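Descriptive structure summary
One letter stands for each residue in the lines below.
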Amino acid sequence: QVQLVESGGGLVQPGGSLRLSCAASGAIFMFNMDWYRQAPGKEREWVATITTIGRTQYDDNVKGRFTISRDNAKNTVYLQMNSLEPKDTAVYYCNVGRLNSWGQGTQVTVSS
């Protein structure tokens, strides 16, 4: 099975940017990739998808601000987050092929 390690989170002011990375232990070229997030007291919610051929989809809450990308040679998927808002505060997780397997996530906190 593919192991996932998310990184790149941190504390940022509103309007700031972060780039999250998700490093996989094996090849990901044959899988659609997703980012999810989970805020305290809330269920995990879907954020973005990038397909095997590079097509992207976004939740309306992040559309126009976030960009998902992938580098199959590096077995890595990214989430570029711009114009961050306090409501973006959550633990962010990546996922491979919609399988029920998750890494530890990376904390994103947007606050003044």
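As shown above, the structure is provided for reference.
I will try to describe carefully the structure that is included in this document. (Residues numbered from 1 in each chain as written. Predicted model: local features only at pLDDT ≥ 70, side-chain atom pairs only at ≥ 80, totals over all residues. Heavy atoms only, no water.)

**Some details on the sheet that holds strand β6 (residues 56-58)**
One open sheet holds the 6 strands; their spatial order is β2-β10-β9-β4-β5-β6, and the pairing between them is mixed. The open sheet has two edge strands with one neighbour each: β2 (10-12) and β6. Between one strand and the next, the sheet's axes are offset by a mean angle of 25°, whatever the strand orientation. When strand β9 (residues 90-96) meets strand β10 (residues 106-110), the two strands line up antiparallel, connected through 3 bridges. By the bridge assignment, Tyr92 is partnered in β10 with Thr106. (Pairing = 2+ DSSP bridges. Helix = DSSP H or I, 4+ residues; strand = E, 2+ residues; numbered from the N terminus. Axes fitted to C-alpha atoms, helices over the stretch in contact; angles between N-to-C directions.)

**Describing the state of the cysteines**
This model, assessed by the stated rule, comprises 1 disulfide. At a sulfur-sulfur separation of 1.8 Å, the disulfide partner of Cys22 is Cys94. Given an S-S torsion of about 50°, the disulfide between Cys22 and Cys94 has right-handed geometry. Pair noted here: Cys22 is in strand β3 (residues 18-24) and Cys94 is in strand β9, with a separation of 72 residues, a long-range link. The buried category is assigned to Cys22, whose relative accessible area is 1%. Under the relative-accessibility criterion, Cys94 is labelled buried at 0%. (Disulfide = S-S within 2.5 Å. Buried < 20%, exposed > 50% of the residue type's maximum accessible area, 1.4 Å probe, protein only.)

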